[in-house]
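Now for the letters of each chain:
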Amino acid sequence: MRLQYVCVSCRQPNKYTPVAATRGDLQMKVGDEVQVSCKRCKEEQKVHLNKISAAVNNKWIVISFFISLIISLILWILFAGIWLIIAIPIPMILWAAENNAVRNFNRYRIRKK
Ligand SMILES: [Zn+2]
């Protein structure tokens, strides 16, 4: 999972760190608003936590897909084709977990004061 916000002046999505499991956790870490500067236009801005949204980090899913592909291949060479069934669901499980984490984060909104 990764966090992002959209820049108010250039409308470009920016990555946000630190990453927390929920918006509530993030609020405890950084407060209601965060001071950020856009990577593209360098505009300094305050972003309310509700404007920060979570998205699936495809990088890890792609990496896990290749890792499981390699594991499958090794197992397939060493043993029999049946091992393929064990390694292939790994990226799927990861993808489902990622989606779950993203949904969890985006569902909860902090109350505006
Ligand atoms: Zn910008």
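Basis of the calculations
- Residues numbered from 1 in each chain as written.
- Predicted model: local features only at pLDDT ≥ 70, side-chain atom pairs only at ≥ 80, totals over all residues.
- pLDDT = per-residue confidence, 0-100.
- Helix = DSSP H or I, 4+ residues; strand = E, 2+ residues; numbered from the N terminus.
- Axes fitted to C-alpha atoms, helices over the stretch in contact; angles between N-to-C directions.
- Parallel < 35°, antiparallel > 145°, perpendicular 65-115°, else oblique.
- Left-handed = near helix turned anticlockwise from the far one by under 90°.
- Contact = placed C-beta atoms within 7 Å.
- Domains from an automatic or database assignment.
- Nonpolar A, V, L, I, M, F, W, Y, C, P; charged D, E, K, R; others polar.
- Pairing = 2+ DSSP bridges.

Details of the confidence of the model for the chain
Alright, step 1. With 92% of its residues at a pLDDT of 70 or more, the chain has an overall mean of 90.
Alright, step 2. Of all helices and strands in the chain, the one with the weakest mean pLDDT is helix H3 (residues 84–87) (64), whereas strand S4 (residues 44–48) scores best (97).

Some thoughts on the packing of helix H2 (residues 58–78) against helix H4 (residues 89–107)
Alright, step 1. Taken N-terminus to C-terminus, the directions of H2 and H4 make an angle of 160°; their axes are 8 Å apart at the nearest point. Here H2 is positioned roughly antiparallel relative to H4, judged by the angle of their axes. In terms of crossing hand, the pair formed by H2 and H4 is right-handed. Residue-level inspection shows Trp60, Ile61, Ser64, Phe65 and Ser68 of H2 in contact with H4, the latter providing Ile90, Pro91, Leu94, Trp95 and Glu98.

Here we look at the domain arrangement of the chain
Often, the extent of an interface is quoted as the loss of accessible area on bringing the components together.
Alright, step 1. What the domain assignment reports for the chain is domain 1 (2–55) and domain 2 (58–107).
Alright, step 2. The centre of domain 1, based on its C-alpha atoms, is set 29 Å off from the matching centre of domain 2.
Alright, step 3. Each partner contributes residues to the interface: domain 1 has six residues there, and domain 2 has five residues.
Alright, step 4. The dominant element in the side of domain 1 that touches domain 2, judged by the number of residues it contributes, is strand S5 (residues 53–55), at three residues.
Alright, step 5. Of the residues belonging to the side of domain 1 that touches domain 2, the class tally is three nonpolar, two polar and one charged.

Comments concerning the sheet that holds S5
Alright, step 1. Here we have three strands laid out as an open sheet, ordered S2-S1-S5, and antiparallel in their pairing. Unpaired on one side and paired on the other, strand S2 (13–16) and S5 mark the two borders of the sheet. Taking each pair of neighbouring strands and ignoring which way they run, the sheet shows an average axis angle of 45°.
Alright, step 2. As judged from the three bridges shared by strand S1 (residues 2–6) and S5, these two strands associate in the antiparallel manner. Following the sheet pairing, Gln4 is matched in S5 by Ser53.

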